[in-house]
Amino acid sequence: MTTAPARASGPARRFARLLYRHPRLQLRLLLAAPLLWLLLAYLGSLAVLFANAFFRHDSFTGRVIFEFTLDNFAAVAGTEVYRTITLRTIGLAVLVTLVCTVLAFPIAYTMARVASPRIRGLLVIAVLMPLWASYLVKVYAWRTMLLGNGVLDWLFAPFGVNAPGIGEGALLLVFTYLWLPYMILPIYAALERIPESLLEASADLGGRTGMTFRRVVLPLVLPGVVAGSIFTFSLTLGDYITPQLVSNTRLIGNAIYDTLGVPNLPLAAAIATIPVITIVAYLLLARRTGAFESL
Amino acid sequence: MRTPRLPAAIAGMALVLAACQGGAASPSHSAQASLGDGEGALNLVIWTGYAERGENDPAYDWVTPFEDETGCMVKTQDGTDSANMVQLMQTGEYDGVSASGDATLRLIAGGEVAPINTDLIPNYANIFDGLKLQPHNSVDGVPYGVPHGRGANVLLYNTDEFAEAPTSWDVVWESDSPAAGKISVYNSAIYIADAALYLMKHNSDLNITNPYELDQTQFDAAVELLQQQNEMIGEYWATAAAQIESFAAGDMVAGTSWQYQANNLTDSPVAATLPEEGSTGWSDTWMISSRAAHPNCMYKWMDWIASPEANAQATVWFGEAPTSQAACDAAEEISPGHCEAFHATDESYFDNIWYWTTPQKECGDDRGAVCKDFTEWTTAWQEITGS
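Residues numbered from 1 in each chain as written. Chains lettered and ligands numbered in written order. Predicted model: local features only at pLDDT ≥ 70, side-chain atom pairs only at ≥ 80, totals over all residues.

**What about the overall build of chain A?**
Working step 1: Assigned secondary structure in chain A consists of 13 helices and 2 strands.
Working step 2: Taken over C-alpha atoms, the radius of gyration comes to 26 Å for chain A, far larger than the 19 Å a tight globule of 295 residues would show.
Working step 3: Projected onto its principal axes, the C-alpha positions of chain A cover 95 × 70 × 45 Å.
Working step 4: Relative to its 295 residues, chain A shows a buried fraction of 32%.
Working step 5: In chain A, the proportion of contacts linking residues at least 24 apart, taken out of those at least 6 apart, comes to 69%. (Helix = DSSP H or I, 4+ residues; strand = E, 2+ residues; numbered from the N terminus. Rg over C-alpha atoms; globule rule 2.2 N^0.38 Å. Buried ≥ 20, exposed ≤ 12 C-beta atoms within 10 Å, placed from the backbone. Contact = placed C-beta atoms within 7 Å.)

Now the structure itself:
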């Protein structure tokens with residue numbers, strides 16, 4: 001008994017043939033789902049958020065009233081505290097980035113150039129290890145360490161020094177701790193990519209260590225530093241939990257969160273444009289250094 | 001492939017329109033008529049400690065018996081302050097909330113909560129008359145919830161630092177305070193009322209008659225006092241857990257608090273007191289969401305929390321006054337003298353306590369509409385804490 005193969009006439013069959021004949025259509029259909037996701041879920045929610053910045057708000061019920069207004073932007077521009085908070089946040093983000101760079105460079109250099117392959121593996125694990133723990137757990141752990149009766153108190157007590165407690169110094173410390181791995185890894189990757197021959201050539205031409213570092217290593221690593229700084233800068237810019245837990249300092253994120261809690265969604269959305277504009281400007285600057293190729 | 005700009009823009013606009021429609025809730029003005037079977041689940045917005053299941057202390061568990069009896073599995077979300085609770089209720093994802101007086105009227109006006117049918121809540125009848133149909137939990141004689149308990153915001157202090165209990169709030173306000181740098185106060189705009197209350201007692205020139213009804217001059221004075229305090233602040237606490245931790249560590253030695261924190265700091269040299277100026281306080285109400293997905297379970301919960309045993313446990317655990325004589329009797333067995341200590345039946349005590357309420361433009365007296373509303377309070381609060 002023979003069963004004739006199903007004639008190539010079913011809809012699935014026809015569709016398959018269509019795809020086979022049009023490879024571009026195939027590609028488009030494959031990309032459609034992720035692109036739709038990006039557009040709707042990601043950019044769509046951003047669009048809804050910013051659309052709310054143009055609406056009014058009922059101060060008693062906290063509900064959004066759908067009447068067009070620019071009052072929210074006027075309030076953001078005209079209230080001094082938002083300027084203060086913006087400058088403070090950007091200043092802190094820059095400071096965290098600088099401290100991270102200074103700390104990350106020697107670590108990344110050791111990993112890429114000095115350590116033996118075995119040690120290098122261990123160092124990479126050591127740098128990655130904190131990323132396996134929850135962000136909240138790490139911040140709470142720091143809070144406990146910084147407060148009195150914590151491990152820092154115990155450590156420094158013999159020297160007559162108290163734990164630093166919570167405050168702006170603690171905030172800088174915790175941010176640096178949190179984002180340091182994001183700076184080390186791109187610098188490490190950039191350093192590793194520099195061929196040994198370039199350094200030797202520089203030495204052959206009479207370049208001393210300092211000269212080689214400034215004229216050869218630094219320009220080649222700079223995109224890596226900028227790539228790392230995108231993380232340290234943007235993560236500091238957007239954080240609102242760490243400042244709440246280890247300091248009394250208010251950053252933009254806290255202003256947005258507090259305003260959202262009023263609840264005043266339109267004003268919160270208007271304030272949220274500040275970090276978005278800041279980070280877009282920063283990314284445009286970063287792109288000019290070729291940092292995106294080092295990510 | 002070129003980016004399809006137009007379709008993206010259309011999709012964005014469609015989403016915005018969808019969001020607009022989702023935002024408009026129709027206020028529900030009719031209470032549920034009858035009670036069916038439980039829906040098997042209950043999502044609540046609560047104040048910390050309002051729904052214990054024995055995880056902190058096995059002796060205090062009024063959620064597990066409720067689940068066993070009704071089959072409604074309880075999930076809770078702590079609100080940090082009343083404004084936060086209003087925001088959470090606006091999401092429509094919760095069945096009910098333990099709202100304080102500065103949230104209740106906002107929730108009613110926004111159509112977030114529905115009136116209740118007290119016939120479906122047998123334990124409602126036992127509740128003290130003084131707590132029923134109050135301005136903060138009813139509209140035109142229609143009840144909007146079941147009272148949970150009431151109490152005062154207390155002064156928490158370190159007993160090593162203060163040999164005797166401070167008798168005045170001046171330890172958190174005056175710039176010569178021995179606690180300067182180690183002061184811990186509530187991170188919420190409603191805390192401006194605490195400054196106004198202090199001024200009401202110490203600066204009669206301002207003629208403050210109600211700490212929630214502040215005109216420009218009075219408001220400016222309160223903000224100035226808060227700015228002076230800002231220099232001495234160790235921490236603006238947002239969660240009870242954070243304040244408990246910093247008092248236990250000794251980093252904070254004085255501040256405004258709830259009895260709950262003191263109850264959880266019995267191992268530390270920390271005590272709570274009510275200073276002579278009186279204090280701000282709260283009277284909390286369980287309200288049902290107008291969009292509750294589990295309304296029958298919420299009704300069962302409101303009845304449960306008004307029952308003598310559950311109300312006694314809940315109010316002893318948090319440290320506040322129970323809502324019925326039967327609950328007082330039950331509380332006597334867990335914590336003797338509880339109702340006297342928290343003045344459950346002493347209305348004159350609560351004359352000195354200013355319940356949280358929402359500041360509005362209309363002062364509520366012959367000054368007219370010259371008072372600072374809640375939006376102005378929150379802006380001022382951001383300026384005090386943010387600059």
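Moving on from the coordinates now.
**Things to note about the overall build of chain B**
Working step 1: When helices and strands are counted, chain B shows 15 helices and 14 strands.
Working step 2: Compactness check: chain B gives a C-alpha radius of gyration of 22 Å against a globular reference of 21 Å for 387 residues, within 12% of the reference.
Working step 3: Counting all 387 residues of chain B, 53% fall into the buried class.
Working step 4: In chain B, the proportion of contacts linking residues at least 24 apart, taken out of those at least 6 apart, comes to 70%.

**Digging into the sheet that holds strand 10 (residues 233–237) of chain B**
Residues and elements named next belong to chain B.
Working step 1: A sheet is described by the order of its strands in space; here 5 strands give the open sequence 10-9-11-8-12, paired in mixed fashion. Two strands bound the open sheet, and with one partner strand each, they are strand 10 and strand 12 (270–273). Each strand of the sheet is rotated relative to its neighbour by a mean of 25 degrees, with strand direction disregarded.
Working step 2: By the bridge criterion, 4 bridges tie strand 8 (residues 154–158) to strand 11 (residues 254–257) in an arrangement that is antiparallel. Bridging across to strand 11, Val154 finds its partner in Ser257.
Working step 3: Packing against the sheet, helix 8 (residues 240–248) makes contact with strand 8, strand 9 (183–186), strand 10, strand 11 and strand 12, and its axis sits at approximately 150 degrees to strand 10. (Pairing = 2+ DSSP bridges. Axes fitted to C-alpha atoms, helices over the stretch in contact; angles between N-to-C directions.)

**Observations regarding the confidence of the model for chain A**
Working step 1: Predicted confidence across chain A gives a mean pLDDT of 89, with 96% of residues reaching 70 or more.
Working step 2: The element-level mean pLDDT for chain A is lowest in helix 7 (residues 151–156) of chain A, coming to 81, with helix 4 (residues 80–114) of chain A highest at 95. (pLDDT = per-residue confidence, 0-100.)

**A closer look at the interface of chain B and chain A**
Working step 1: Taken residue by residue, the interface counts 37 residues in chain B and 32 residues in chain A.
Working step 2: Secondary-structure elements contributing two or more residues to the side of chain B that touches chain A are helix 1 (5–23), helix 3 (82–90), helix 4 (101–109), strand 10, helix 8 and helix 15 (374–386) of chain B.
Working step 3: Grouping the amino acids of the side of chain B that touches chain A by side-chain chemistry returns 14 nonpolar, 17 polar and 6 charged. (Nonpolar A, V, L, I, M, F, W, Y, C, P; charged D, E, K, R; others polar.)

**Details of the nonpolar core**
Working step 1: Counting residues in hydrophobic clusters, the biggest one holds 117 residues, and the most contacted among them are Ile192, Ala196, Ala222, Trp301, Met302 and Ile305 of chain B.
Working step 2: Ignoring any residue separated from it by four or fewer positions in sequence, one finds Ala196 of chain B in contact with Ile208, Pro211, Leu214, Gln218 and Ala222 of chain B.
Working step 3: If you look at the next biggest cluster of nonpolar residues, it comprises 56 residues, including Ala53, Tyr82, Phe175 and Ile230 of chain A. (Core = buried A, V, L, I, M, F, W, Y, C linked by C-beta atoms within 7 Å.)

**Re the confidence of the model for chain B**
Any residue range with low pLDDT should be treated as having predicted coordinates unsuitable for detailed reading.
Residue and element names in this part refer to chain B.
Working step 1: Per-residue confidence for chain B gives a mean pLDDT of 90; residues scoring 70 or more make up 93%.
Working step 2: Predicted confidence for residues 1–28 stays below pLDDT 50, and this span has 24 contacts to residues more than four positions away or in other chains.
Working step 3: Reported confidence for the predicted complex is 0.78 by ipTM and 0.82 by pTM.

**Brief notes about unusual backbone geometry**
Working step 1: The amide bond that connects Val262 of chain A to the next residue, Pro263 of chain A, takes the cis arrangement and shows omega of -5 degrees.
Working step 2: By secondary structure assignment, the location of Pro263 of chain A is in the loop between helix 12 (252–260) and helix 13 (265–288).
Working step 3: One non-glycine residue, Asp140 of chain B, lies in positive phi territory at about 50 degrees.
Working step 4: Looking at the element boundaries, Asp140 of chain B is found in the loop between strand 5 (138–139) and strand 6 (142–143).
Working step 5: Classification of Asp140 of chain B by C-beta neighbours within 10 Å gives exposed; the count is 6.
Working step 6: Unusually for a residue other than glycine, His343 of chain B sits at a positive phi of about 55 degrees.
Working step 7: On the basis of neighbour count, His343 of chain B is assigned to the partly exposed category, with 18 C-beta atoms found within 10 Å.

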